[in-house]
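Commentary on secondary and tertiary structure
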Amino acid sequence: MSSTQTYKRIPITPATWEKLSILKKPGETFDHLIVDLIEEREKLDIIRHVKKIAEEGEFLSLDEAEEVWKE
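Residues numbered from 1 in each chain as written. Predicted model: local features only at pLDDT ≥ 70, side-chain atom pairs only at ≥ 80, totals over all residues. Heavy atoms only, no water.

Regarding the packing of aromatic side chains
Aromatic rings considered in pairs are described by the distance between their centres and by the relative angle of their planes. Scanning all chains against the criterion turns up one aromatic pair. Positioned above the aromatic ring of Phe30 is the side chain of Lys24, whose terminal nitrogen or guanidinium carbon lies 5.2 Å from the ring centre. (Phe/Tyr/Trp six-rings, centres within 6.5 Å; stacked < 30°, edge-to-face > 60°. Lys NZ or Arg CZ within 6 Å of the ring centre and 35° of its normal.)

Structure (structure tokens):
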């Protein structure tokens, strides 16, 4: 990390600290672990969103979509 970077403190409970420590790989920083967890959460959010659209959404055929894009 660059020396010009600033750091923030995030208060967490001892139980959360323990869980993070268990997930952290040897040599891995907590920052890297948290970045990985954020990326996984973002992927899950996208998957949930797509599943919700698939269950509730209305879909167009490719021909219908092409017509809409031409408008």
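Focus: the environment of Leu37
Along the chain, Leu37 falls in helix H2 (residues 30-56). Residues Leu37 and Gly57 lie 20 residues apart in sequence; the distance between their C-alpha atoms is 29 Å. Sequence-distant contacts of Leu37, that is, excluding residues within four places in its chain, are made with Leu20 and Leu23. (Helix = DSSP H or I, 4+ residues; strand = E, 2+ residues; numbered from the N terminus. Contact = heavy atoms within 4.5 Å.)

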